[in-house]
Structures are given as C-alpha cells and as structure tokens.
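In case you want the letters, here they are:
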Amino acid sequence: MAVQALDAATLPIDWQRLALPAVLIVVGYGLIPAYASSYLVEAILLPFLALSLAAVGLNLLTGYCGQLSLGSSAFMAVGAFAAYNFNLRIGGLPLPATMILAGISAAGIGVVFGLPSLRLRGFYLAVSTLAAQFFVQWALTKFGWFSNYNPSGVISAPHLTVAGFSLDGATGRYLLSVTTVIVLTGLVSRLVNSATGRNFIAVRDNETAARVIGVPVLRTKLLAFAISSFIIGVAGVLWAFTYLRTVEPAGFNLDRSFQILFIIIIGGLASIRGAFLGAAFIVVFPLVLSRLGAFLFGGLFDSGALDMSQRIVLGALIIIFLIAEPNGLSALFDRLKRRIGSRSS
Amino acid sequence: MIGASLGAAAYERAPEISALLAVTNPVGDRRPACLSLRPDAVLVLSGIGISFGGVTALSDVDLEVKSGEIRAVIGPNGAGKSSLINIISGLYHADHGKIAIDGQSFSRVPASRLAQLGVARTFQNLALFGGLSVRDNIASGRVHTRRASFVEHIASLPRARREDAAVAEKVDKTIAFLHLEAVADRLVATLPYGLQKRVELARALVAEPNVLLLDEPMAGMTATEKAEMAGFVRAARDRHGVTIILIEHDIGVVMGLSDRVAVLDYGRKIADGTPTEVRADPAVIRAYIGAAEGENGEGI
C-alpha cells in the first residue's frame with residue numbers, strides 16, 4: 001500500500017477525490033478517538049455507525065436491486081445472535097472471524113427469505129419479507145439455545161479483543177465499529193460500480209430487458225439478498241456488541257426495519273452516501289431536537305408532551321423535505337455542491 | 001423454396017385454399033422436414049398460434065428467415081406483430097407450433113438463454129436501464145459473455161479486469177458505429193426519445209447477435225430520425241451480416257429497407273414476398289395498405 005501511495009504522489013493527483021476520504025480518516029481515526037466525549041461516542045456515533053452499515057446493506061438490495069424488504073431488523077438479529085453463539089461455542093475464535101461467520105449466517109437466512117422475490121414484486125415482496133421479521137423473532141425467543149438459555153432471551157456482548165488488544169472501552173468499540181463500516185462500505189462501493197452492480201440496477205430498472213440480454217435475474221436477486229443480508233447481519237453484530245451491549249430478540253422488531261428503510265429513503269435510494277446522511281438525520285436529529293426542546297421549553301411543558309411534539313416536528317420535517325427533494329439528502333447534497341460551485345466560479 | 005412459394009401463391013389467390021391447406025397438412029409432420037432443406041434459414045417459425053383469454057392473437061403463422069436478410073413483418077394494429085416477436089424471444093409461449101433458431105427447435109424459447117442463442121432484440125416501448133449511463137446500458141448487452149463472479153469484481157482479479165476490457169472495447173466500437181460518442185457518459189433517462197431508441201439498438205448490436213429482432217425501431221420518430229435509423233439498420237446488416245427481423249408500422253420505411261416482407265392481419269399471415277410482390281398483392285391492399293394510409297393520416 002505504501003509503495004502505491006508513493007507512486008500516486010508522483011502523478012498528478014485528483015485532490016478533490018482524495019480530499020473527502022482524507023478528511024474522514026483524520027476525523028475518524030484521529031480527532032474523534034482523541035477528543036470525542038464518551039457521550040458523543042456511546043449515544044450518537046455507535047448507533048449512527050451500526051445503522052449506517054445496515055442502511056448500506058439495505059440500499060444494496062432495495063436501492064440498487066429494487067427489491068423492497070422489511071426484514072432488515074431480522075437479519076440484524078440473526079447476525080447478532082449468530083455472533084454471540086459462534087463466540088460462545090467456538091473457543092478462541094477471533095473477533096473478525098466471528099463477525100464474518102455471523103454475516104454468512106445472516107446471508108443464508110437472507111437467501112431463504114429472498115426466494116419469494118423470484119415470484120413477488122414491490123409491496124407483495126415487502127409483505128413476504130415480514131415473514132422473516134416474525135419468524136426470526138419467534139425462533140430466537142422460542143429456542144433458548146440461541147441465548148444460551150437465558151430466561152429472558154437476553155444476550156450480552158463478550159469481551160471484544162482483536163490481536164490481543166481489548167476493545168471493550170468506548171473508544172475501542174468505536175474503532176472496531178468505524179473500521180468495520182469503512183471496510184464493508186469500501187467493498188460495497190466497489191461492488192456497485194462493477195458489472196455485478198450494474199446487473200442489480202438492470203434488474204431494478206427493467207427486469208424483462210435484463211433477462212432477455214442474459215442477466216441471470218434469479219441469481220442476481222438472490223445474490224443481492226445474500227450480500228445485503230451479510231452486511232445487515234454484521235451491522236447487527238455492531239448494534240449488539242458495540243452499542244447496546246445487551247440485547248433481546250424483541251430489540252430487533254419491525255420498528256427497526258422501518259427505521260432502516262426510512263434512512264435509505266430519506267438519505268437517497270441507490271446512494272451509499274445517502275445511507276450515511278440518512279442515518280445521521282435519523283440518529284442525530286431527534287437528539288438535537290430533544291436538546292433544543294428541553295432548552296427552550298423545558299420548564300413550560302412536561303417531558304411527555306415535549307417528546308410527542310418532537311416526533312410531530314420530525315415527521316413534518318420528513319414530509320416537507322421529501323416533497324422538496326424526493327431523491328433524498330444525497331441529491332440535496334449534490335444540488336448544494338453545484339450551487340456553491342457555480343457561485344464561486 | 002417450392003413449398004414457400006406455393007404457399008404464398010395459395011395465400012394470394014384465395015384465403016379458402018390456405019384454410020384448406022392448413023386442414024389437410026396438419027402442422028408439425030411435414031414442416032420440420034423443410035428445415036433441413038434450407039440450410040441458409042437461421043430462423044424458422046412453423047404453425048405458430050397463441051391466444052390470450054380466448055382472443056386469438058396469432059394462428060398458424062409460418063415464417064422463414066434467411067441468413068443476412070432484412071425481413072420485415074408488417075400489419076395493422078393488433079395484427080399480432082409484437083406477439084410474434086415476443087414468442088421468438090421467449091417472453092410469450094406459443095400455444096401451438098415450433099420455433100427453430102439456428103437449427104435448434106423449441107416449442108418454448110428460453111428467454112434467459114436468448115443471448116447465448118445469438119438473438120438480441122429491442123422493445124417497442126423503450127426498455128433501457130434508466131439509472132445507468134449510455135455506456136453502461138450498452139455494456140449490459142454483453143453480460144452474457146461474462147463469467148467472473150462478484151468476488152472477482154470486488155477484488156479486481158485478472159479475469160474480471162480482462163472481461164471489463166473486452167466489453168469496453170466492443171462498447172467503444174458500437175458507440176462509434178452508432179455515433180453516440182457525445183452522449184456516452186450521460187444518464188440514459190436524460191436523452192431525447194430518438195437517441196434512447198438508438199441506445200437500445202446499440203445494446204442489442206453490441207451482443208453481436210446472429211439474429212436481431214427490432215420491434216418498431218422507428219415508432220414515434222421524426223422523418224429525419226427514421227431515415228437515420230434505417231441507415232443504421234442497413235449498415236448493421238451490411239457490415240456485420242446480422243439477420244434482421246423488423247416489425248414496423250411505417251410501410252414506406254419497410255418497403256425501402258427490407259429484402260422480404262410478411263404481412264399479418266388478424267393474427268394470420270396474408271402475404272409474404274419481396275416488397276414489390278407484397279405491394280401488388282390485392283389481399284394486402286385490401287387488408288393493410290388501405291387501412292394503414294388512413295392511420296398514417298392520423299399520425300400514428
């Protein structure tokens with residue numbers, strides 16, 4: 001890698017393309033671990049990273065391949081409980097291997113519940129993916145084995161160590177999370193720009209034409225389900241191990257699936273950046289709103305009414321925003337960038 | 001050839017005779033034998049029939065297409081032209097009859113293997129991938145040649161890179177052939193209609209098919225665009241030797257462009273021959289040209 005970087009340095013460099021990743025790496029690995037408060041990390045960054053990754057996974061399936069799914073939360077649950085069990089039952093399994101095996105388990109379940117996509121489309125497919133939601137929650141509650149016979153089905157995160165380093169502290173969990181998200185997002189961004197990614201888009205935009213030119217439609221859809229569920233499964237591991245630390249099957253309910261779907265709709269379908277912008281909006285905005293509400297009206301209303309009115313404000317903002325920019329935050333971002341660009345030139 | 005001309009003659013003279021022939025020569029026993037007699041036929045349809053919910057769209061249609069010819073299929077609206085192309089491309093399954101592509105006989109053409117069989121098509125209503133650039137839309141036409149898995153693509157392994165390079169080369173050639181350089185990197189959905197039609201032709205041509213099915217490639221175009229498109233279709237045949245089946249409403253374009261013309265009316269083939277023969281055919285004049293002139297007057 002170092003040699004490549006040197007080679008690149010001697011060539012004319014596309015600074016604009018390198019600027020954003022460079023800033024992200026400095027902020028992500030330098031500033032945040034050094035200066036961020038543990039509140040910022042625990043309450044905002046960890047859920048933001050896990051949900052962003054889940055949204056990247058769902059965006060691959062729904063945004064790029066056009067298969068509507070309401071099963072994301074179930075695939076997160078599969079990832080989390082699989083990781084818990086792999087870690088518990090295979091002694092000395094390294095954490096990265098645990099996460100990969102958890103992702104593969106989620107991918108397997110994803111393919112099974114993706115099978116209806118070969119026959120169903122749109123809303124009908126979304127309804128059939130609800131089956132995953134109910135089935136997984138039921139199985140995890142019904143069979144005590146999954147939670148090592150914990151009476152309430154709760155699993156707790158094991159000690160997180162990679163190559164001898166303990167990652168149990170807030171910063172350690174953050175570093176695990178951010179590294180996982182960067183690696184998987186990098187792989188997904190390569191995938192969507194490859195021939196396989198273009199097959200996804202072809203199936204989404206015109207399935208009949210895709211079939212006639214030789215896109216293996218069935219295989220492509222199942223592949224989308226598999227890869228998407230893998231990523232969502234790993235996001236579930238991050239959610240359970242780095243953010244919540246203890247989690248029960250009911251924590252992965254339909255609300256979470258909807259939340260992830262809203263993230264990609266608000267952020268922008270078929271856009272990786274949109275998954276992050278949408279997750280930031282969904283995670284950060286309610287917190288900002290609640291702080292602001294408490295600050296302005298804290299003495300005047302009781303907290304229940306304040307909480308309810310925050311939800312109303314959030315809902316109204318989403319509606320206004322989607323009318324103004326149906327293609328999501330990502331498109332809004334592009335528009336702003338263009339406007340700034342045209343003003344400065 | 002004798003059978004074909006005899007049949008055509010019979011169709012010309014009297015519809016009753018053709019009906020009689022269909023009864024006395026049941027489909028399937030003699031016609032496959034004809035296949036082997038015509039080694040230059042790349043596509044042979046025999047006795048094709050299909051109906052939708054009791055409405056017959058096609059009945060007992062025979063069509064034989066020689067290698068390297070531009071074969072037009074014309075007929076008034078609802079004559080069954082698009083059904084015919086959908087049957088050849090496997091999107092519809094015929095109730096009766098057989099389709100032989102390059103000597104392989106099917107009663108149902110497998111649509112997912114169409115590209116491997118050397119058949120490419122365009123659609124009457126555009127069927128492009130709106131979220132992809134012009135270049136990527138065209139590149140998708142070579143998807144049937146790709147073998148590399150998604151892992152190889154992500155890791156950029158040699159086979160994936162080799163395939164990408166091979167596809168890019170063909171795509172560049174096709175873009176140059178159809179003069180699409182100026183718009184190559186635009187999102188296809190942002191192009192005007194006439195250009196989108198051309199991109200669809202490019203996506204079909206880049207597959208280097210033996211047989212190209214064009215479903216109303218000039219529908220909705222201006223006269224200039226039509227002439228341009230006709231030029232591209234002819235050039236595709238002349239330079240690459242593609243056999244072309246052309247479904248078209250605009251009879252003027254068809255007559256100038258095609259080597260042989262089959263005429264459908266109410267799901268039956270009423271005439272088949274060179275443009276001159278077809279134009280002089282009283283059945284065609286009665287069934288199609290009279291009606292079509294009226295329709296063209298209305299701007300269809």
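What comes next is a walk through the structure. Counting restarts for each chain, with residues numbered from 1 along the sequence as it is written. Chains carry letters and ligands carry numbers; both start at the beginning, A for chains and 1 for ligands, and go up in the order they are written. The predicted nature of this model means local features are confined to residues of pLDDT at least 70 and side-chain atom pairs, given and counted, to a pLDDT of 80 or more, with totals for whole chains, interfaces and linings taken over all residues. Hydrogens and water are ignored here; the side-chain numbers use all heavy atoms of the structure.

The next thing to look at is the overall build of chain A. Along chain A, the regular secondary structure elements total 14 helices and four strands. Residue burial is assigned from relative accessible area. The probe radius is 1.4 Å, only protein chains are included, and a residue is buried under 20% of its type maximum, exposed over 50%, and partly exposed in between. Across the 345 residues that make up chain A, the buried fraction comes to 46%. Here a helix means four or more residues in a row that DSSP labels H or I, a strand means two or more in a row labelled E, and each is numbered from the N terminus.

Residue and element names in this part refer to chain B. A carboxyl oxygen of Asp or Glu within 4 Å of a side-chain nitrogen of Lys or Arg is what we treat as a salt bridge. Per the stated rule, a full pass over the model turns up 26 salt bridges over all chains. Salt-bridge contacts for R135 lead to D185; the nearest nitrogen and oxygen are separated by 3.4 Å. With R135 in helix α5 (residues 134-139) and D185 in the loop between α7 (158-177) and α8 (193-205), this pair connects stretches of sequence that are 50 residues apart. By relative accessible area, which is 29% here, R135 ends up partly exposed. In this structure, K170 and E208 form a salt bridge, with 3.1 Å as the shortest nitrogen-oxygen distance. One end of the pair, K170, is in helix α7; the other, E208, is in the loop between α8 and β7 (211-215), with 38 residues separating them in the sequence. Relative accessible area serves as the criterion here: at 28%, K170 is assigned to the partly exposed category. Linked by salt bridges that have partners in common, E64, E69, R71, R260, K269 and D272 make up one network.

Moving on: the packing of aromatic side chains. Residue and element names in this part refer to chain A. Only centres within 6.5 Å qualify two rings of Phe, Tyr or Trp (six-membered ring in Trp) as a pair; their planes then separate them into stacked at under 30 degrees, edge-to-face at over 60, and tilted for everything else. The tally for this structure, following the rule as stated, stands at nine aromatic pairs over all chains. Here F113 and F135 contribute two aromatic rings whose centre-to-centre distance is 5.9 Å and whose plane-to-plane angle is 45 degrees, an arrangement assigned as tilted. With F113 in helix α5 (residues 95-114) and F135 in helix α6 (residues 122-142), this residue pair connects regions lying 22 residues apart in the sequence. With a relative accessible area of 14%, F113 lands in the buried category. With a centroid separation of 5.0 Å and 5 degrees between ring planes, the pair formed by F281 and F285 is classed as stacked.

What follows concerns the environment of D265 of chain B. Residue and element names in this part refer to chain B. Along the chain, D265 turns up in strand β9 (residues 260-265). Judged by its relative accessible area of 14%, D265 is buried. Distance from D265 to A79, taken between C-alpha atoms, is 4.7 Å for residues 186 residues apart in sequence. Here D265 is in contact with P76, A79, I270 and A287, once residues within four sequence places are set aside. The contact definition used throughout considers only heavy atoms, calling two residues in contact when any of these lie within 4.5 Å.

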